[in-house]
Amino acid sequence: MLSACDEPKKQDSLQQVLDTGILRVGTIYGLTTYYNGPNGPEGFEYELAAGFADYLGVKLEIFPYYTVNELFPQLDNAHFDVIAAGINVSPERYSQFRFGPAYQNVSQKLVFKQGDVRPRELEDLTGNFMVVAGSGHSETLRNFKAEHPDLSWQETNDKDSEELLEAVLADELDYTVVDSNILALMRRRYPELSIGFSLSQSQGIAWATSKKGDDALRAALIEYFGKIHQNGTLAALEDKHFGHVRQFNYVDTRDFIRSAAEKLPQYQPLFEHYANELDWRLLAALSYQESHWNPKAKSVTGVRGLMMLTLNTAKDLGVTSRLDPEQSIRGGSEYLATLLTRIPDRIPHPDRLWFALAAYNVGLGHLEDARVLTERQGGNPDMWVDVKKRLPQLRQKRYYKTTRYGYARGNEAVIYVDNIRRYYDTLVWLKEQQPELMPVELQEEQSDVQMGDVIGDDETENDINERTSAPDAPKINGTKNETIEDTTDGGDTVENATVENQSSQNQSSQNAPSQKQTSKNETAQSQAPETGPEQDKAGKNGASKNNASDTPDAEKQADSDSQPEESADLLQDETNQDR
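Everything numeric in this text was worked out from a predicted model, so none of it was measured.

As for the packing of aromatic side chains
- Across all of its chains, the model carries 26 aromatic pairs by this definition.
- Members of the aromatic cluster, joined through ring pairs, are F44, F52, Y55, Y103, W207, Y224, F225 and F242.
- R371 extends its terminal NZ or CZ atom over the ring of F355, reaching a point 5.7 Å from the ring centre.

Structural data, given as structure tokens:
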């Protein structure tokens, strides 16, 4: 007979993972969790799990399932070590499993199709209502049932949240419930998804471990999430997957999807040809942010064309006509590629790309100012998620007076990058869809005036000038955002565009790049040459470049296919700090 001291010692949960060299993670397929992308496994939860495996020094094995209901029995039976599936920590689940620290907060949204009657409370739900079986949404509804006995809904194991949203759009369902983070991503694809009301307050998202074992693995989870929270990795990952979709603009999203169907095809071959090492869809997204794919686009500051190049930058890139789509796309692609080479090699993808896009908008000099401010304030100047918090400080005197290049509308550079990221994500999704899954053609809701200072196909620049300068002319909405200056997220109207531009006209000589800043990130390419595209860009958006040659007459001389003579009164409806 074995005594108690003879019984084999039970191995703790963490040691077992270390001894086997394998971390087994259960998850579900989904947009925010795990899926196989063109370059391999992707997803917010997947990246977190891969980071935890690296932290432990073991190999990661992913076990993807189709529903949350399938995960919990597998965890209880020790078929994997942890569940990482964007799980809400509800009271019911908390009583059955151990959870690590909450790393994200979401709320549950009741979703309906725009155009239908908006439900504002549970009593308004009179149609077909379906949620995913075993989800936190079904648990929430069950809790409401006692107080709302007439509440009824269906549950399904055959569809996930994304499919239920698509069913709402197809009029197969009237309502469904989805977590706020998933809805934020899906509305970039389907802008007709509307929120009726919130079913829950903000709830924590966390990983689950089994209660049958000890707390060793959970303790390691707490240490891991504490570390990535402290060093900024968690914030960077969240920004990568969700940071650019927090704000939603229905009109802008709808117009972009329409333009992708109607305008993009004629320019797509050029984007593909001149993208080189870049993704052509990123280049197309950048062009849409700049000009809404109008080759005749022109801002009050004189930047023009599909890629909205300055006159000096165009000359340096060998672009003889900024109004020629092929030359503009080639020039814009080469300029973005040049900016990427100026970003320090130590900055990894995708942050280096966001930095380059910000520099395309606000200039390398001002970008470097924001990175220096980031370092001074204890942030990481090599992480976009930290620098984007400091770019808006370039508008505040107490900060910009300490920088080398002075005032800049850095907050608009943040919006600029976020917009391009959203457009890019939408283009990637549209490209991946089968023809039968492409969005239905949106209703034609053209206004009498094109939004932004973009020339219509059948009118000249003088026509635009006369129309916008007329006493009764409507205020033109700024959704074009050629360089996102003087606009708010998603294309809201311009505020004090003309006044802002005039107030910055004489700043460039004071803020022109002169010498490299001294900081640990001094290699961030702040030493833009005195002439050439880099200086042109550095002066464009913070302090207007003082370029006497960039006048309408000079432009007509430079562009071989010049338009009819421009009015002396340049477009007043929207301004970008000079490019």
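Re the pattern of salt bridges
- One pass over the full model with this rule turns up 17 salt bridges.
- Note that E92 is salt-bridged to R142, the shortest N-O span being 4.0 Å. Of this pair, E92 sits in helix α4 (residues 91-94) while R142 sits in helix α5 (residues 136-145), and the two are 50 residues apart along the sequence.
- Overlapping salt bridges bring together D239, K388, D418 and R421 as one network.

Observations regarding the packing of helix α12 (residues 280-291) against helix α15 (residues 351-362)
- Packing of α12 against α15 leaves a shortest axis separation of 12 Å and a crossing angle of 30°. Considered as vectors, α12 and α15 are oriented roughly parallel to each other. Crossing angle aside, the handedness with which α12 passes α15 is right-handed. Of α15, the residues touching α12 (which contributes L282, L286 and E290) are L353, L357 and Y360.
- Taken together, the residues of the contact of α12 with α15 break down into five nonpolar, no polar and one charged.

Some points on helix α11 (residues 264-274)
- When we look at burial in α11, the residues that qualify are L264, Y267, Q268, L270, F271 and Y274.
- Contacts from the buried residues of α11 go to α10 (250-262), α12, α14 (325-342) and α19 (410-432).
- Downstream of α11 by a residue or two, N276 has a phi angle that is positive, lying close to 55°.

Focus on the sheet that holds strand β8 (residues 108-113)
- In space, the three strands of this open sheet follow the order β11-β8-β12, with antiparallel pairing throughout. Every interior strand has two partners, whereas the edge strands, β11 (176-179) and β12 (193-198), have only one. Averaged over all pairs of adjacent strands, the angle between their axes in this sheet comes to 45°, without regard to strand direction.
- As judged from the four bridges shared by β8 and β11, these two strands associate in the antiparallel manner. Bridge pairing in β11 places L110 opposite V177.
- Each of β8, β11 and β12 touches helix α6 (residues 161-169); the most contacted strand, β11, lies at about 135° to it.

Observations regarding unusual backbone geometry
- Between H349 and P350 the backbone carries a cis peptide bond, its omega angle lying at 5°.
- Locating P350 in the fold gives a position in the loop between α14 and α15.
- In this structure, A78 is a non-glycine residue whose phi angle is positive, near 65°.
- By the secondary structure assignment, A78 is in the loop between α3 (68-76) and β5 (82-88).

A few points about the confidence of the model for the chain
- When the pLDDT values of the chain are averaged, the result is 75; 72% of them are 70 or greater.
- Ranking the elements of the chain by mean pLDDT puts helix α21 (residues 497-503) last with 29 and α14 first with 96.
- This stretch, residues 1-9, has a pLDDT under 50; its non-local contacts, to residues over four places away or in other chains, come to zero contacts.
- This stretch, residues 434-579, has a pLDDT under 50; its non-local contacts, to residues over four places away or in other chains, come to 363 contacts.

Comments concerning the pairing of β8
- Burial runs high along β8: six of the six residues are buried.
- Of the two faces of β8, both are covered, the one formed by Q108, L110 and F112 as well as the one formed by K109, V111 and K113.
- In this structure, β8 lies alongside β12, joined through five bridges in antiparallel fashion. Directly across from F112, in β12, lies its bridge partner S194.

Re helix α8 (residues 216-230)
- Between its first and last C-alpha atoms α8 spans 21 Å; for 15 residues at 1.5 Å apiece the expected length is 21 Å, and the two agree.
- Every buried residue of α8 is listed here: L217, A220, L221, Y224, F225 and I228. End-on view of α8: buried residues confined to an arc of 130°, all on one side of the axis. α8 presents H229 and Q230 as exposed residues on the side facing more than 90 degrees away from its buried surface.
- Close packing links the buried residues of α8 with α1 (13-20), α2 (44-56), β5, β13 (203-209) and α9 (233-242).
- Looking one or two residues past α8, G232 carries a phi angle of roughly 90°, positive in sign.

Looking at the packing of α2 against α8
- Running from amino to carboxyl end, α2 crosses α8 at an angle of 110°, the nearest separation of the two axes being 11 Å. One element, α2, and the other, α8, form an angle in the roughly perpendicular class. Between α2 and α8, the contacting residues are L48, G51, F52, Y55 and L56 on the first element and L217, A220, L221, E223, Y224, F225, K227 and I228 on the second.
- Its residues placed into classes, the contact of α2 with α8 shows 10 nonpolar, one polar and two charged.

Rules used throughout
Residues numbered from 1 in each chain as written. Predicted model: local features only at pLDDT ≥ 70, side-chain atom pairs only at ≥ 80, totals over all residues. Heavy atoms only, no water. Phe/Tyr/Trp six-rings, centres within 6.5 Å; stacked < 30°, edge-to-face > 60°. Lys NZ or Arg CZ within 6 Å of the ring centre and 35° of its normal. Salt bridge = Lys/Arg side-chain N within 4 Å of Asp/Glu carboxyl O. Helix = DSSP H or I, 4+ residues; strand = E, 2+ residues; numbered from the N terminus. Axes fitted to C-alpha atoms, helices over the stretch in contact; angles between N-to-C directions. Parallel < 35°, antiparallel > 145°, perpendicular 65-115°, else oblique. Left-handed = near helix turned anticlockwise from the far one by under 90°. Contact = heavy atoms within 4.5 Å. Nonpolar A, V, L, I, M, F, W, Y, C, P; charged D, E, K, R; others polar. Buried < 20%, exposed > 50% of the residue type's maximum accessible area, 1.4 Å probe, protein only. Pairing = 2+ DSSP bridges. pLDDT = per-residue confidence, 0-100. Expected span 1.5 Å × (residues − 1). Arc of directions from axis to C-beta.

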